[in-house]
Amino acid sequence: MQAELGKLAHALGFFTRLTLPDPVWRHAAPWRLDQCARWFPACGLLIGIVPALCWLVALYWLPPVIAAGLAIASAIALTGALHEDGLSDTADGLFGGHSRERALEIMRDSAIGTYGAAALFLSIGLRWAALASLAPWAGAAALVIAHVVARGSIALALNLSPYARKNGTGALVSHGISRGELARTLIIAILLASLFGGWAGLLAALAGIAAAAFLHWRMASRLGGYTGDTLGAMEQVCEIAILVVLAGSWSVS
């Protein structure tokens, strides 16, 4: 149990800006991030609670469109815009580089180009609009489902392809995971989505995983594998797909 909690703490420390306590049992094994994949959905659950609470509290005083913006902002602040950064770099590399080497070079550059800026605008805008169209508790459930499944979807890349660089953020998961670990991770994510959203949650989870899988296939065919940036892009695309599907299912307008 201590080992599993250590894996959860390690994964949560990577996905957020939280400074976690460092109890003695965490020193027992220097976990690699790829050894913690089954805990990715649990990290998403803990992360998703923050914007869900922000959304519900803000709705007491503010209209939905403003409350939705604050909820999205709280998630970005909690994660340090980790996945948004990956999305923007991936968009710049995918559309701005004509070769694998050039695409990887562009993605390494910290500057945001036109494609990256457009991707960020669409990501935040679509999530914002989808959330604002939902009733209070439906919106809270949608946020939790999106964060749970989006973190779990990252595991697809860890099993289906190798790491495309010699070093970088993605090297933390470059050892990959087994097919069984991938199945466990996705099953956990789908079950949690169904628990919070019923049949609509299940449909949204499948749509989000499919969107993440398509993006991974596109980038892996272009780059020969995944990078830390493409993992972030997978998370973002999955979040967008889930919130849009749930907005279509649960919208109050």
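Residues numbered from 1 in each chain as written. Predicted model: local features only at pLDDT ≥ 70, side-chain atom pairs only at ≥ 80, totals over all residues. Heavy atoms only, no water.

## Brief notes about unusual backbone geometry
Going by this rule: Each helix is a run of DSSP H or I of at least 4 residues and each strand a run of E of at least 2, with the numbering of both proceeding from the N terminus. Here's how the labels work: a residue is buried when its accessible area is under 20% of the maximum for its type, exposed when over 50%, partly exposed in between, all with a 1.4 Å probe on protein chains only.
At Ala81, a residue that is not glycine, the phi angle is positive and equals roughly 55°. Structurally, the position occupied by Ala81 is in the loop between helix H3 (64–79) and helix H4 (82–96). Ala81 sits in the partly exposed class, given a relative accessible area of 24%.

## So, the pattern of salt bridges
So the rule is basically this: Any Lys or Arg side-chain nitrogen located within 4 Å of an Asp or Glu carboxyl oxygen qualifies as a salt bridge.
Applying the stated rule across the entire model yields five salt bridges. Arg127 serves as the salt-bridge partner of Glu84, at 3.2 Å between the closest nitrogen and oxygen. Of the two residues, Glu84 sits in helix H4 while Arg127 sits in helix H6 (residues 114–132), which places them 43 residues apart along the sequence. Comparing Glu84 with Arg127, the two get one shared label, buried.

## Describing the side chain of Thr16
How we decide: Throughout this description, a polar contact denotes any pair of N or O atoms lying within 3.5 Å of each other; where both atoms belong to protein, one of them has to be capable of donating a hydrogen while the other can accept it, and for residues adjacent in sequence the pair is counted only when both atoms sit in side chains. Contacts are assigned to residue pairs with any non-hydrogen atoms lying within 4.5 Å of each other.
Turning to its location among the elements, Thr16 is positioned in the loop between helix H1 (2–15) and helix H2 (40–58). In terms of polar contacts, Thr16 uses its side chain to reach the backbone carbonyl oxygen of Leu12, at 2.8 Å. When neighbours within four sequence positions are excluded, Thr16 is seen to be in contact with Ile47, Leu78 and Thr79.

## A look at the packing of aromatic side chains
The description of two aromatic rings rests on the distance between their centres and on the angle between their planes. For clarity, the threshold we go by: Paired rings are identified among Phe, Tyr and Trp, the last through its six-membered ring, by centres lying within 6.5 Å, and are further divided according to the angle between planes into stacked (under 30 degrees), edge-to-face (over 60) and tilted (the rest).
Applying the stated criterion across every chain, the model contains six aromatic pairs. A ring pair is formed by Phe15 and Phe40, whose centres lie 5.1 Å apart and whose planes are at 85°; its orientation type is edge-to-face. On the criterion of sequence distance, the pair formed by Phe15 in helix H1 and Phe40 in helix H2 is long-range, its members being 25 residues apart. Classification of Phe15 as buried rests on a relative accessible area of 2%. Seen from their ring centres, Tyr60 and Trp61 are 6.1 Å apart, and the 55° between their planes marks the pair as tilted. The same class applies to Tyr60 and to Trp61, which are both exposed.

## Structural notes on helix H9 (residues 179–223)
For the record, the criterion: Expected span, for any helix, means 1.5 Å times one less than how many residues it has. For a residue, the bend is simply the angle between two axes, fitted respectively to the seven-residue segment ending there and the seven-residue segment starting there.
Helix length check: H9 (45 residues) gives 22 Å between terminal C-alpha atoms against 66 Å at 1.5 Å per residue, more than 12% under. Of all the bends found along H9, the most pronounced is centred on Gly197 and spans about 140°. Where H9 terminates, the next one or two residues include Gly224, which has phi positive at roughly 80°.

## Structural notes on the nonpolar core
Under the convention used in this document: Take the buried residues of types Ala, Val, Leu, Ile, Met, Phe, Trp, Tyr and Cys, join any two whose side-chain atoms come within 4.5 Å, and each joined set is a nonpolar core.
Within the largest apolar cluster, 70 residues are counted, with the highest numbers of intra-cluster contacts made by Phe40, Trp55, Val149 and Ile242. Residues in contact with Ile242, not counting those within four places in the same chain, are Ile145, Ala146, Val149, Ala204, Ala205 and Gly208.

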